[in-house]
Amino acid sequence: MVEQRCWPKMDLLRSESMQLVQLIIPLESAHRAISYLGDLGLFQFKDLNAEKSPFQRTYAAQIKRCAEMARKLRFFKEHMTKTGMLPSTRSAITNDIDLDNLEVKLGELEAELIEINSNNEKLEHSYNELVEYKLVLQKAGELFYSAQRSAAVQQRELQVDNHGEGSIDSPLLLEQEMITDPSKQIKLGFVSGLVSREKSMVFERILFRATRGNVFLKQSVVENSVVDPVSGEKVEKNVFVVFYSGERAKNKILKICEAFGANRYPFAEDLSKQYQMMTEVSARLIELKTTIDVGLAHQSNLLQTIGFQFEQWNLLVKKEKYIYHTLNMLSIDVTKKCLVAEGWCPAFATDQIQNALRRATIDSSSQIGAIFQVLQTKESPPTYFCTNKFTSAFQEIVDAYGIAKYQEANPSVYTIITFPFLFAVMFGDWGHGICLLLVTLYLIIREKKLSSKKLGDIMEMTFSGRYVIMMMAIFSIYTGLIYNEFFSVPFELFGPSAYACRDQSCRDASTAGLIKVRDTYPFGVDPKWHGTRSELPFLNSLKMKMSILLGVAQMNLGIMMSYFNAKFFGDKLNIWYQFVPQMIFLNSLFGYLSLLIIVKWCTGSQADLYHVMIYMFLSPTDDLGDNQLFLGQKFLQLLLLLSALVAVPWMLFPKPFLLKKQHEERHQGQSYALVDRTDDPLEIEPHYDSHKHEEFEFSEVFVHQLIHTIEFVLGAVSNTASYLRLWALSLAHSELSSVFYDKVLLLAWGFNNTIILIIGIIVFVCATVGVLLVMETLSAFLHALRLHWVEFQNKFYEGDGYKFHPFSFALLGNEDE
Amino acid sequence: MYGFEALTFNIHGGYLEAIVRGHRSGLFTAADYNNLCQCETLDDIKMHLSATEYGPYLQNEPSPLHTTTIVEKCTLKLVDEYKHMLCQATEPLSTFLEYCRYGHMIDNVVLIVTGTLHERDVQELLEKCHPLGMFDSIASLAVAQNMRELYRLVLVDTPLAPYFSECITSEDLDDMNIEIMRNTLYKAYLEDFNRFCQKLGGATAEIMSDLLAFEADRRAVNITINSIGTELTRDDRKKLYSNFGLLYPYGHEELAVCEDLDQVRGVMEKYPPYQSIFSRLSYGESQLLDKAFYEEEVKRLCLAFEQQFHYAVFFAYIRLREQEIRNLMWISECVAQNQKSRVHDSVVFIF
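- Going by what an unreviewed UniProt entry lists, chain B is known as V-type proton ATPase subunit and is assigned to Hevea brasiliensis.
- Quoted verbatim from the Subunit (unreviewed entry) field of UniProt, the annotation for chain B is "V-ATPase is a heteromultimeric enzyme made up of two complexes: the ATP-hydrolytic V1 complex and the proton translocation V0 complex."

- Per an unreviewed UniProt entry, the recorded name for chain A is V-type proton ATPase subunit a, and the organism is Hevea brasiliensis.
- Recorded in UniProt for chain A, the comment headed Function (unreviewed entry) runs: "Essential component of the vacuolar proton pump (V-ATPase), a multimeric enzyme that catalyzes the translocation of protons across the membranes. Required for assembly and activity of the V-ATPase."

## So, the overall build of chain A
Then, number 1: When you go through chain A residue by residue, the secondary structure sums to 24 helices and 13 strands.
Then, number 2: Relative to its full complement of 817 residues, chain A shows a buried share of 44%.
Then, number 3: Accessible surface, chain A: about 44,200 Å² in total, of which carbon and sulfur atoms supply 60%.

## Considering a positive patch on the surface
Then, number 1: A surface patch of like charges, here positive, comprises A:Arg212, A:Arg248, B:Arg148 and B:Arg152.
Then, number 2: Here A:Arg248 shows up in helix 6 (residues 247-259).
Then, number 3: Assessed through its relative accessible area of 62%, A:Arg248 is described here as exposed.

## Quick notes on the side chain of A:Ser722
Residue and element names in this part refer to chain A.
Then, number 1: Within the fold, Ser722 resides in helix 22 (residues 698-722).
Then, number 2: A polar contact is formed between the side chain of Ser722 and the side chain of Arg725, at a distance of 2.8 Å.
Then, number 3: Residues within four places of Ser722 in sequence aside, it is in contact with Arg786, Leu787 and Glu791.

## Observations regarding the nonpolar core
Then, number 1: A:Phe76, B:Phe96, B:Phe193 and B:Phe314 are the most contacted members of the largest nonpolar core, which totals 178 residues.
Then, number 2: Top element by residues in this core is helix 17 (residues 312-336) of chain B. It accounts for 13 residues.
Then, number 3: Setting aside its immediate chain neighbours within four residues, B:Phe193 contacts B:Phe96, B:Tyr99, B:Cys100, B:Met208, B:Leu212 and B:Phe315.
Then, number 4: If you look at the next biggest cluster of nonpolar residues, it comprises 75 residues, including A:Leu12, A:Ile397, A:Leu640 and A:Ala644.

## Remarks on the packing of aromatic side chains
Then, number 1: Going through the model one piece at a time under the given rule, you end up with 58 aromatic pairs over all chains.
Then, number 2: Taken together, a centroid distance of 6.0 Å and an interplanar angle of 70° make the contact between A:Phe421 and A:Phe475 edge-to-face. Placement of the pair is A:Phe421 in helix 10 (residues 412-426) and A:Phe475 in helix 14 (residues 466-483), with a sequence separation of 54 residues.
Then, number 3: On the basis of relative accessibility, which here comes to 22%, the residue A:Phe421 falls in the partly exposed class.
Then, number 4: The class of A:Phe475 is buried, set by a relative accessible area of 16%.
Then, number 5: Ring centres of B:Tyr99 and B:Tyr102 lie 5.1 Å apart, and the angle between their planes is 55°; on these two criteria the pair is classed as tilted. Here B:Tyr102 and B:Tyr99 lie together in helix 7 (residues 93-117), a separation of three residues that amounts to about one turn.
Then, number 6: Using a relative accessible area of 9% as the deciding quantity, one classes B:Tyr99 as buried.
Then, number 7: Here B:Lys77 stacks its cationic end above the ring of B:Tyr54, 5.8 Å away from the centre of that ring.

## Topic: the interface of chain B and chain A
The accessible area lost on association of the parts is a frequent measure of interface size.
Then, number 1: With 26 residues of chain B in contact, the opposing surface of chain A contributes 22 residues.
Then, number 2: Broken down residue by residue, the surface that chain B buries against chain A is led by B:Met47, B:Val143 and B:Leu153, which jointly contribute 26%.
Then, number 3: Remark: the boundary between chain B and chain A carries one salt bridge.
Then, number 4: Residue B:Asp44 is joined to A:Lys64 by a salt bridge in which the shortest nitrogen-to-oxygen separation is 2.6 Å.
Then, number 5: Connecting chain B to chain A are two residue pairs in polar contact (both at pLDDT 80 or more).
Then, number 6: Taken together, the elements giving at least two residues each to the side of chain B that touches chain A come down to helix 4 (42-50) and helix 9 (147-153) of chain B.
Then, number 7: Among the elements that line the side of chain B that touches chain A, the one with the most residues is helix 4 of chain B, at four residues.
Then, number 8: Its residues assigned to classes, the side of chain B that touches chain A shows nine nonpolar, ten polar and seven charged.

## Thoughts on the pairing of strand 10 (residues 338-346) of chain A
All names here are of chain A.
Then, number 1: A large share of strand 10 lies buried, amounting to nine of its nine residues.
Then, number 2: Alternating residues of strand 10 divide into Cys338, Val340, Glu342, Trp344 and Pro346 and Leu339, Ala341, Gly343 and Cys345, and every residue in both groups is buried.
Then, number 3: In the sheet, strand 1 (residues 18-26) pairs with strand 10 via nine bridges, with the strands oriented antiparallel. By the bridge assignment, Val21 is partnered in strand 10 with Gly343.

## A closer look at the UniProt feature "transmembrane region" (unreviewed entry) in chain A
All names here are of chain A.
Then, number 1: Mapped onto this structure's residue numbering, the UniProt feature "transmembrane region" (unreviewed entry) falls at residues 421-445, 466-483, 546-564, 576-599, 635-653 and 755-775.
Then, number 2: As annotated, residues 421-445 has a helix share of 88% and a strand share of 0%, and its two end C-alpha atoms lie 23 Å apart.
Then, number 3: Along residues 546-564 the backbone is 100% helical and 0% strand, and the end-to-end C-alpha distance reaches 27 Å.

## A look at helix 5 (residues 197-210) of chain A
Then, number 1: In a regular helix each residue adds 1.5 Å, so 14 residues correspond to 20 Å; helix 5 of chain A covers 20 Å between its end C-alpha atoms and thus fits that length.
Then, number 2: Tucked inside the fold, the buried residues of helix 5 of chain A contact strand 3 (189-196), strand 4 (216-221), strand 7 (237-244) and helix 6 of chain A together with helix 9 of chain B.
Then, number 3: A:Arg212 occupies a position one or two residues after helix 5 of chain A and carries a positive phi of about 50°.

## So, a negative patch on the surface
Then, number 1: Residues A:Glu258, B:Glu72, B:Asp121 and B:Glu127 make up a contiguous surface patch of negative charge.
Then, number 2: Its place among the elements puts B:Asp121 in the loop between helix 7 and helix 8 (122-128).

## What to know about the packing of helix 2 (residues 60-82) of chain A against helix 7 (residues 271-327) of chain A
Residue and element names in this part refer to chain A.
Then, number 1: Orientation of helix 2 relative to helix 7, taken along the N-to-C sense of each, is 150°, at an axis distance of 9 Å. Judged on the interaxial angle alone, helix 7 and helix 2 are roughly antiparallel. Our pair here, helix 2 against helix 7, has a crossing hand that is left-handed. In contact with Gln62, Ile63, Cys66, Met69, Ala70, Leu73, Phe76, Lys77, His79 and Met80 of helix 2, helix 7 contributes Gln299, Leu303, Ile306, Gly307, Phe310, Trp313, Asn314, Val317, Glu320, Lys321, Tyr324 and His325.
Then, number 2: Within the contact of helix 2 with helix 7, the residues separate by chemical class into 13 nonpolar, six polar and three charged.

## Considering the sheet that holds strand 4 of chain A
Residues and elements named next belong to chain A.
Then, number 1: With respect to topology, four strands assemble into an open sheet ordered 4-7-3-8, the strand pairing being antiparallel. Only two strands of the sheet have a single neighbouring strand rather than two, namely strand 4 and strand 8 (263-265). Shown here is a sheet whose adjacent strand axes are inclined to one another by a mean of 25°, direction ignored.
Then, number 2: Inspection of the sheet shows strand 4 paired to strand 7 by six bridges, in the antiparallel sense. Bridge pairing links Ser220 to Val239 in strand 7.
Then, number 3: Packed onto the sheet, helix 5 meets strand 3, strand 4 and strand 7 and runs at close to 145° relative to strand 3.

## Some thoughts on unusual backbone geometry
Then, number 1: Cis rather than trans, the peptide bond between B:Glu91 and B:Pro92 has omega equal to -5°.
Then, number 2: With respect to the helices and strands, the residue B:Pro92 is situated in the loop between helix 6 (67-88) and helix 7.
Then, number 3: With an omega of 0°, the peptide bond running from B:Tyr248 to B:Pro249 counts as cis.
Then, number 4: Among the structural elements, B:Pro249 can be located in the loop between helix 12 (234-240) and helix 13 (250-256).
Then, number 5: Positive phi values are uncommon outside glycine, yet A:Gln407 reaches one of about 65°.
Then, number 6: Note on placement: A:Gln407 falls in the loop between helix 9 (391-399) and helix 10.
Then, number 7: Phi at B:Phe309 is positive, roughly 65°, even though this residue is not glycine.
Then, number 8: On the secondary structure map, B:Phe309 appears in the loop between helix 16 (287-304) and helix 17.
Then, number 9: Look at B:Phe309 and you get buried, because its relative accessible area is 18%.

## Observations regarding helix 14 (residues 261-268) of chain B
The periodicity of an α-helix, 3.6 residues per turn, causes residues three or four positions apart to be oriented the same way.
Residue and element names in this part refer to chain B.
Then, number 1: Within the sequence span of helix 14, burial applies to Val264, Arg265, Val267 and Met268. Seen end-on, helix 14 carries its buried residues on one side only, within an arc spanning 160°.
Then, number 2: Looking at the buried side of helix 14, the elements it contacts are helix 11 (202-227), helix 13 and helix 15 (272-280).
Then, number 3: With a side-chain oxygen lying 3.2 Å from the backbone nitrogen of Asp262, the N-terminal cap of helix 14 falls on Asp260.

What counts as what
- Residues numbered from 1 in each chain as written.
- Chains lettered and ligands numbered in written order.
- Predicted model: local features only at pLDDT ≥ 70, side-chain atom pairs only at ≥ 80, totals over all residues.
- Heavy atoms only, no water.
- UniProt positions renumbered as here; feature names shortened; annotations may be inferred.
- Helix = DSSP H or I, 4+ residues; strand = E, 2+ residues; numbered from the N terminus.
- Buried < 20%, exposed > 50% of the residue type's maximum accessible area, 1.4 Å probe, protein only.
- Areas by Shrake-Rupley, 256 points an atom, 1.4 Å probe, with all protein chains shown as cover.
- Patch = residues over 30% accessible without salt bridge, like charges linked within 9 Å, V, L, I, M, F, W, Y side chains within 5 Å.
- Salt bridge = Lys/Arg side-chain N within 4 Å of Asp/Glu carboxyl O.
- Lys, Arg positive; Asp, Glu negative; His and termini not counted.
- Charge placed at Lys NZ, Arg CZ, Asp CG, Glu CD.
- Polar contact = N/O pair within 3.5 Å; in protein donor to acceptor, adjacent residues only side chain to side chain.
- Contact = heavy atoms within 4.5 Å.
- Core = buried A, V, L, I, M, F, W, Y, C linked by side-chain atoms within 4.5 Å.
- Phe/Tyr/Trp six-rings, centres within 6.5 Å; stacked < 30°, edge-to-face > 60°.
- Lys NZ or Arg CZ within 6 Å of the ring centre and 35° of its normal.
- Buried area = accessible area lost by both parts, 1.4 Å probe.
- Nonpolar A, V, L, I, M, F, W, Y, C, P; charged D, E, K, R; others polar.
- Pairing = 2+ DSSP bridges.
- Expected span 1.5 Å × (residues − 1).
- Axes fitted to C-alpha atoms, helices over the stretch in contact; angles between N-to-C directions.
- Parallel < 35°, antiparallel > 145°, perpendicular 65-115°, else oblique.
- Left-handed = near helix turned anticlockwise from the far one by under 90°.
- Arc of directions from axis to C-beta.

Below, the structure is given as structure tokens:
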């Protein structure tokens, strides 16, 4: 989230007025001008070369250069992470380095690094080979030694046996073998080396097959993984020794070894030679180790020097690439002396942009200044709201539904208050509210530190919505005070309860035993209601009615907004044939219900409002009887019902016909009289120009209006019902929290046992945090979101605009690969 | 099972089908090819590719590029996608996916064996192998001297083993032998694959039988054309044709006796689906035949995406991606060798 600097006063209701601007920039100052505009970040360039492929554009070569440099930087970064070095986050002193120098420098550094690397690799290669060799010497030596020893033992046994009768157990063949003259024995050849453990089984199998079993393979596991000299990766390996006889077998074995990537090492049978080789290898290993260390030190030195300036270079290269991408969007004038840019900018930024252009001209000592020229257009401009860190999160909520049409009334102005408020209606508990507030206050206080850090996905969301959550918390403290709930415990904060027992007998609270002894409790719900048998009916009735009042109020606000939109865009049709009947329809039904609710509250009447509402439709002429709340109610109801009935065709029919008439008039060239109705030049033009191309499809318009009408009429009922979720969720919240309080905390308290109490407290805290503070917050958030998106915004919000995406360097740091 | 795929297919195959269809939408369109054909240098190609799905695979390549690097990296992308899908797949899709790569295995085996015969370095040969057709002990193929050894040493462990039953001889390997081996293996492979698909049933069987029949017929034509003028007898030639497909069995009888290209053409023109391919070629011209076949294949592969709930999309996607890589290779070669006039000769547009 980037905070945009805004100079004009905040005007969140209507998006900034935008203008389409043409810039003509001389070629020599173009780069600088674009870079200044990027610093400013208030200009959205249009792609004037959309039909050209990327490499056919003017600055393709420079972009390639930048991409190449970016690749080098990635190469450095890769090596830095490999060696565990982090590029210094503090940006070094900005000594201006231009692109050409940087390119040369990067090239040099890369060449140097590659050379060092290749040297190191060579050294490592031989080092690893020696390590493997050493392992072979050790392991094979062991193999040979143990074989010899066991052979010797057997021979001795054999001799013993020969002296004796010769036991039946002694193998016959072995005997024969041993008896044969040593000189007649075929000299067996052998190959020794290492093979990776994964492949060792297959290796053995293939060897067996290839030589038809005429080999003897001995393997020994190397405990630690070894760095393979060829690939340079750590691999688990086995030392093997293969004995074979014959030249053909040898060839085959060598080929197989090669195929399996098994490194072979010579091995001397002679013990003294083995010993000599061992010492040689060890000595060379030590030598190599020091050389490698020096090489590594050199490398890390180089990387460190790169690391100092890495971030700065990276930013520079990114910026340059961005600038050239933008330059590619400009079209080149026929004379090839200047570039022509087109784009949107907010009207208030005119001076700043002109200033930036002037500075660019002066700084690049160009002869000709850049030209700034406002174009007239019929395109609809992008939507741009100046938000600050407080309002941006609310704007995000609205944007997630749809970007506002240009200069359409922006619901986020109201969302700032209504969203947290509706949330709080569902989340009314000032204890929970305080917990929530503390969390967000922590986030807000540590805002500076946290915003530079990378947070997790969920944390990121919470952090970016911190002001929304703060507002939600404050409002839920407020509604919590009204509901008089603190972790479902009532407090007598605003004075003593109005009710008291008539005598001592009414211990188990029921309203019957209570009488009113003082003035009404000054703020919110009387604490005495809590725990009484009639608590739920009382609160349900209260909250249900309150939900309807809030809903009708918010929907009325939505319809009012449609009036302001229509007035702003000078659309009289929408005022008279949409806004007025909608107002009448909604208020004659549900506005009347709200009125009844208020009257009932004020008078304390016993009337059944369901009955009134239902029979208002079913039999409007019947007598109201007990349910009459005020004089002339029946007459009023008839009037309201009639006006509601009239409002429906009023919404449906006139508008399409009038549109058709208007269209026909325009077609006959009579539209000039109509045009001067509005003052906004930007708004006239599309109307004026578009009718030439646009065919008027009456059936389409009519069906659209029909759908709109049906949606509104049905919506009036279903949306009002939808607001009852305020009651339902608030009921769920208070019931859940009282369950946790009564059934966990109080239950644990009742045992009079410290351990149980501690367990009870732990369970209570976990349940409160997990279920009430996290899950309930989420669900109440979602429901508030829905009420805004569906019930509120569908009354007026078109949301078919597109967002203003200025060319700005401020965004560069955020986009990471 | 036929007709009820829609009911159960998505339990196991839904996710992967979605993935493969997503991959398919990443294939180049005619506009992409137009842009690519206008490139002046390999760097231009790289620049264009960096805006596509190949971008991440090429972005870290230092600038003087080679055609081989481009092709290698693009193939790597296909292999990555294939491996991902294979990891996610359950039976029988995983077997199906395995089947898709056997063709490459056969090619790799042949490549290594031929290479060893001509005493090329094994490592060098391994680099040329298609990564989809790699298996563990492929390098040890170089040890074998004849078919029997080849089979006993290495291939017995691979899924190709059953296909060898027909071509185990103790003769030493030579070029002719190897070529016959390749075709026998391919024949066995295609027949096996076809059987497997028929066993799966449903839309998979229907579409795959069409695709595989086309493949078999194409191979039959190619075998015939390539064997004209060699010492291969008619009976031997006939043995190499797969025992299914549109041409089987009568077309095979006729193809087996063909002595020149025009006769082949005469045979093929009797079959309506192939008539259009051959009618486009002028007499005595065989270079364009490959392209014509490829175009026909691509058309059929694209049609596979029109139906849902079957496995042929995986096969089709892999094939299409390979075609795209072939196109890319051709374009890059043309650009690298300054033969831009020939760019359109061999590029098969997919969409």
